[in-house]
Amino acid sequence: MSSLGPALRAGRESPFPRRWLFLGALAVAEGIALTSAFDLPSGADGGSFGHSLLRLTPFVLPACIAIATAMALFGGFELQRQVAAAVARMRRAPALWPYLAAHAFTLAGFVFLTSLVFDAELGRAGAAWVLGWLATGLVNFGLLAAAAVPPAALRAVLWRTAGVAGSGSLVGLLAWQAGRLTDSALWGALGQSTLACVHAVLRVLPGETAFDAARRTVGYDGFTVEIGTGCSGWEGIGLILVFLGAYLWYFRASLRFPGAFLLLPLGAGVIWTANVARIVALILLGARFSPEVAVTAFHARAGWLFFCAVSWALVVVARRFRFFSRDAAGAAGSYAAAPWLLPLLLVMGVGMTTGAFALGFDAFEPLAVVVGAAALWFYRDRYAGLGWGWSWTAIGAGVLVFLLWLPLAAPDAESAARAERTWTTLADLPALGAVAWLLAKVVGTLLLAPLAEELAFRGYLLRRLQAKSFESVPVGSFTVFSFLVSSLLFGLLHESWLAGFLAGAVYALVLYRRGRVGDAVLAHLVTNGLLVLYAVAENDLGYWL
Amino acid sequence: MPHAQRLARRARRAVLATSLALAWLAAPGAAQIGGTTVQPVPEIDSGLTARALALLFGGLLILTSRRELKKSA
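Residues numbered from 1 in each chain as written. Chains lettered and ligands numbered in written order. Predicted model: local features only at pLDDT ≥ 70, side-chain atom pairs only at ≥ 80, totals over all residues. Heavy atoms only, no water.

Visitor: Looking at this model, I keep getting lost on the overall build of chain B. Mind explaining?
Guide: Broken down by element type, chain B carries 3 helices and 1 strand. Going through the 73 residues of chain B one by one, you find that 38% of them count as buried. Summing over all exposed atoms, chain B offers an accessible surface of approximately 4,300 Å²; the carbon and sulfur share of this is 62%. (Helix = DSSP H or I, 4+ residues; strand = E, 2+ residues; numbered from the N terminus. Buried < 20%, exposed > 50% of the residue type's maximum accessible area, 1.4 Å probe, protein only. Areas by Shrake-Rupley, 256 points an atom, 1.4 Å probe, with all protein chains shown as cover.)

Visitor: Can you walk me through the overall build of chain A in this structure?
Guide: Looking only at helices and strands, one finds 18 helices and 4 strands in chain A. Looking at the 545 residues of chain A, the share that counts as buried comes to 45%. Of the roughly 26,700 Å² of accessible surface on chain A, 69% is carried by carbon and sulfur atoms.

Visitor: What is the right way to look at the nonpolar core in this model?
Guide: It is characteristic of soluble globular proteins that their nonpolar side chains tend to be buried jointly. All names here are of chain A. The biggest cluster of nonpolar side chains holds 115 residues, and the ones touching the most others in it are Val198, Val218, Ile240, Ile283 and Trp405. The element best represented in this core is helix H10 (residues 291-320), accounting for 13 residues. Residues from two domains meet in this core; each of domain 2 (187-320) and domain 3 (341-543) gives at least three. Counting 16 residues, the second-largest nonpolar core is a separate cluster that includes Val87, Tyr99, Ala146 and Val157. (Core = buried A, V, L, I, M, F, W, Y, C linked by side-chain atoms within 4.5 Å. Domains from an automatic or database assignment.)

Visitor: Sorry if this is basic, but what is going on with the packing of aromatic side chains here?
Guide: Two aromatic rings are characterised by how far apart their centres lie and by the angle between their planes. All names here are of chain A. In the structure shown here, the tally under the stated rule is 20 aromatic pairs over all chains. Centroid distance Phe298 to Phe357: 5.7 Å. Interplanar angle 55°. Geometry classified as tilted. Here Phe357 lies in the loop between helix H11 (338-355) and helix H12 (366-378) and Phe298 lies in helix H10, a separation of 59 residues in the sequence. Relative to Trp392, the ring of Trp390 has its centre 5.4 Å away and its plane inclined at 85°; by these criteria the two rings are edge-to-face. (Phe/Tyr/Trp six-rings, centres within 6.5 Å; stacked < 30°, edge-to-face > 60°.)

Visitor: Help me understand the packing of helix H9 (residues 263-288) of chain A against H10(A), please; the structure alone is not making it clear to me.
Guide: Between two packed helices, both the angle of their axes relative to each other and the distance between the axes serve to describe the pair. Residues and elements named next belong to chain A. Viewed as axis vectors pointing N to C, H9 and H10 meet at an angle of 155°, and their least axial separation amounts to 9 Å. Classed by the angle they form, the pair H9 and H10 counts as roughly antiparallel. The handedness of the crossing between H9 and H10 is right-handed. Only Pro291, Val293, Ala294, Phe298, His299, Ala302, Gly303, Phe306, Phe307, Val310, Leu314 and Ala318 of H10 make contact with H9, whose side of the interface consists of Leu263, Leu266, Gly267, Val270, Ile271, Ala274, Ala277, Arg278, Ala281, Leu282, Leu285 and Gly286. Residues belonging to the contact of H9 with H10 are distributed by class as follows: 19 nonpolar, 4 polar and 1 charged. (Axes fitted to C-alpha atoms, helices over the stretch in contact; angles between N-to-C directions. Parallel < 35°, antiparallel > 145°, perpendicular 65-115°, else oblique. Left-handed = near helix turned anticlockwise from the far one by under 90°. Contact = heavy atoms within 4.5 Å. Nonpolar A, V, L, I, M, F, W, Y, C, P; charged D, E, K, R; others polar.)

Visitor: Help me out: how do you make sense of the side chain of A:Arg301 in this one?
Guide: Considering the arrangement of structural elements, one finds A:Arg301 in helix H10. Ignoring any residue separated from it by four or fewer positions in sequence, one finds A:Arg301 in contact with A:Thr296, A:Met352, A:Gly355, A:Ala356, B:Leu48 and B:Arg51.

Visitor: Explanation requested: the side chain of A:Thr422 in the structure shown.
Guide: All names here are of chain A. Position of Thr422 among the secondary structure elements: in helix H14 (residues 413-428). On the basis of relative accessibility, which here comes to 9%, the residue Thr422 falls in the buried class. Leave out the neighbours within four places in its chain, and Thr422 touches Phe361, Trp437 and Leu545.

Visitor: Could you clarify how one ought to interpret the packing of helix H8 (residues 234-250) of chain A against H9(A) in this entry?
Guide: Residue and element names in this part refer to chain A. With their axes 9 Å apart at the nearest point, H8 and H9 run at an angle of 150° to one another. Crossing angle aside, the handedness with which H8 passes H9 is right-handed. In this structure, H8 contributes Gly236, Ile237, Ile240, Leu241, Leu244, Gly245 and Leu248 to the contact, and H9 contributes Leu263, Leu264, Gly267, Ala268, Ile271 and Trp272. Of the residues that constitute the contact of H8 with H9, the class distribution is 10 nonpolar, 3 polar and no charged.

Visitor: What should I look at first to understand the sheet that holds strand S3 (residues 223-226) of chain A in this one?
Guide: All names here are of chain A. If you walk across this open sheet you meet the 3 strands as S1-S2-S3, and the pairing is antiparallel. Edge positions in the sheet fall to strand S1 (209-212) and S3, since each has one partner strand and no second. Geometrically, the sheet is characterised by an average inter-axis angle of 15° between neighbouring strands, direction not taken into account. Here 4 bridges tie S1 to strand S2 (residues 217-220), and the two strands are oriented antiparallel to one another. Following the sheet pairing, Phe211 is matched in S2 by Val218. (Pairing = 2+ DSSP bridges.)

Visitor: Could you clarify how one ought to interpret the pattern of salt bridges in this entry?
Guide: Any two side chains of opposite charge can pair, on the condition that their charged atoms come close. Residues and elements named next belong to chain A. Tallying each qualifying case throughout the model produces 6 salt bridges over all chains. Salt-bridge contacts for Arg382 lead to Glu471; the nearest nitrogen and oxygen are separated by 3.8 Å. Placement of Arg382 in the loop between H12 and helix H13 (392-408) and of Glu471 in the loop between helix H15 (431-464) and helix H16 (480-492) is noted, with a sequence separation of 89 residues between them. Of the residues examined, Glu471 reaches a relative accessible area of 41% and is grouped as partly exposed. As a salt-bridge pair, Asp519 and Arg514 come within 2.9 Å of each other at their nearest N and O atoms. Of the residues examined, Asp519 reaches a relative accessible area of 1% and is grouped as buried. (Salt bridge = Lys/Arg side-chain N within 4 Å of Asp/Glu carboxyl O.)

Visitor: Explanation requested: the confidence of the model for chain A in the structure shown.
Guide: For residues with low pLDDT, the predicted coordinates do not support detailed interpretation. On average, residues of chain A score 84 in pLDDT, and 86% of them are at 70 or above. Low confidence marks residues 1-12 of chain A, where pLDDT is under 50. Its contacts with residues over four positions away, or in another chain, come to 14 contacts. (pLDDT = per-residue confidence, 0-100.)

Visitor: Would you explain the environment of A:Val111 in this entry?
Guide: Residues and elements named next belong to chain A. Its place among the elements puts Val111 in helix H4 (residues 97-119). You can call Val111 partly exposed: its relative accessible area is 34%. If we ignore the near neighbours within four places in the chain, the residues touching Val111 are Leu34 and Phe38.

Visitor: Sorry, what's going on with the environment of A:Arg380 here?
Guide: Residues and elements named next belong to chain A. Structurally, Arg380 is set in the loop between H12 and H13. Note on Arg380: relative accessible area 40%, which makes it partly exposed. Here the alpha-carbon distance between Arg380 and Pro339, two residues 41 residues apart in the chain, equals 8.6 Å. Separated by 2.7 Å, the side chain of Arg380 and the backbone oxygen of Trp377 make a polar contact. (Polar contact = N/O pair within 3.5 Å; in protein donor to acceptor, adjacent residues only side chain to side chain.)

Visitor: Which parts of the structure should I look at to understand a nonpolar patch on the surface?
Guide: Together, A:Leu21, A:Phe478, A:Val480 and A:Leu484 line one region of the surface with nonpolar side chains, adding up to about 330 Å² of accessible area. Classification of A:Leu484 as partly exposed rests on a relative accessible area of 33%. (Patch = residues over 30% accessible without salt bridge, like charges linked within 9 Å, V, L, I, M, F, W, Y side chains within 5 Å.)

Visitor: Hey, could you run me through H8(A) in this one?
Guide: Counted at 1.5 Å a residue, the expected span for H8(A) with its 17 residues is 24 Å, and the 24 Å between its end C-alpha atoms agrees. Regarding H8(A), the residues found buried are A:Trp234, A:Glu235, A:Gly236, A:Ile237, A:Gly238, A:Ile240, A:Leu241, A:Phe243, A:Leu244, A:Gly245, A:Tyr247 and A:Leu248. (Expected span 1.5 Å × (residues − 1).)

Visitor: For this particular structure, what's the right way to read the environment of A:Gly515?
Guide: Residues and elements named next belong to chain A. With respect to the helices, strands and loops of the structure, Gly515 is situated in the loop between helix H17 (497-514) and helix H18 (517-537). Each C-alpha atom, one on Gly515 and one on Phe478, is 9.9 Å from the other, the two residues being 37 residues apart in sequence. When near neighbours in sequence (up to four residues on either side) are disregarded, Gly515 contacts Val475 and Gly476.

Written as structure tokens, this is what we have:
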């Protein structure tokens, strides 16, 4: 809500803020419907229009993101101010229905053309149809934009913000083009140092090392890897600079400048060193344990875990030392969000860690359940007043989500095969081990997941999205923004984001009814319980394992 | 707005824009993680990315929610 703040304040007496919420909800609903109805193909090889779009994505998507972000950074606030000023000057808003009627008409055309061009082979779809599809999409979006900011006001806004938008687009385009250089020109500047450092560390260990600077390969005891662009160090440095840049901006009031700027080179150096450590660990894992585990499971997971660890460490440093922070934290204190978030984060973090050493079946998955349960036990006193008890409404909501989940999150062939492999692996384990693993999985699904996820999303996030001091917001306090965003984020954490979004929305509605987190947990528990029963009874294990 | 404040704001924007540009230096890498000699380039796992980002921002929310214990008289 904060990004709309000035505009909302400026237009408090005008109908625009309410209109924007309505149009935003309409756009989101249309987006959900369209992306559910029309999917891009899963592989890039093919002749359809969808395949062509998929092949273009790696080029177009980064460009769009770079330009949009740069424009938002340069002109976002200015645009917001100008829109607020323009609509505040208007005495009354033009009628909405002509725009909506025209939008409904173009939407129907867009749906028809989408079905036509997505299904057809590219050659048969023809350039005219594709251009028609693009034009209808733009008109469709333009009509929504015109309904949000009437053309009379829009002209003035565009005129006044053209400069910042133009410079923003230019910076975005330059950043995108610069990014494309890393593969060729800029690799050597950092990649060779990464390569040399990895080799230097490996040489300390007893064993044979291999090193080829020209081919960018380094190895140990017969296991050789090529250091790709992503592993040269640029990726980590770029990500950490964005993270720190956003942190410096958001917490600028409590940071001490120019000292805080030192965090940027410090972060770049630490993340580069962590990347060297990750590659060394990967090579050792591949040489001594399993090459397949090293390059599939460990590679990406270790990258994220190292990145999270470095980011958190830098935040702790930034808040602890007076050199960086105006109100450096003392030794005594507590973390208000920890009881709400830590159980879920531990489950995810431990799961990612054990998953980094597993190929398909993760034998150590129960460890995440044990650690998550321990965190819940540690904070048990904090959950006493959250309204634990029976509720027929919550049970009904849990059944409703189960019924929604079945068609919306039906496991695809890959998930079904993965579940089948897990089941086969369990059958090959000693009986005691298999039973213990399954028991932990049942406890994790039925008890831990509902508790940890509801505490985080409904107990914490719903309130944190309303106020920084979330504890001052009563549990069950409703705003459209927190309701939609928390449900959307909950959805994104699940394989089927739409099913997750709807589930999150239903659990939030259950919570609003009596202001009890316990009701949302009960509903979630019922859904998960029914899914486990269904998966076992119907032998459709992809819904669970 | 005083001149110093305006300058400070411009400086912050410059830092953010530079960070953004440097991040995109790495963008092609993000699309082709891997490149090892053992196995073809694995696809980016969107589920893993979502969990990792949740982990990152969840940790950040915890770390920034610290409150000092009041000293008793």
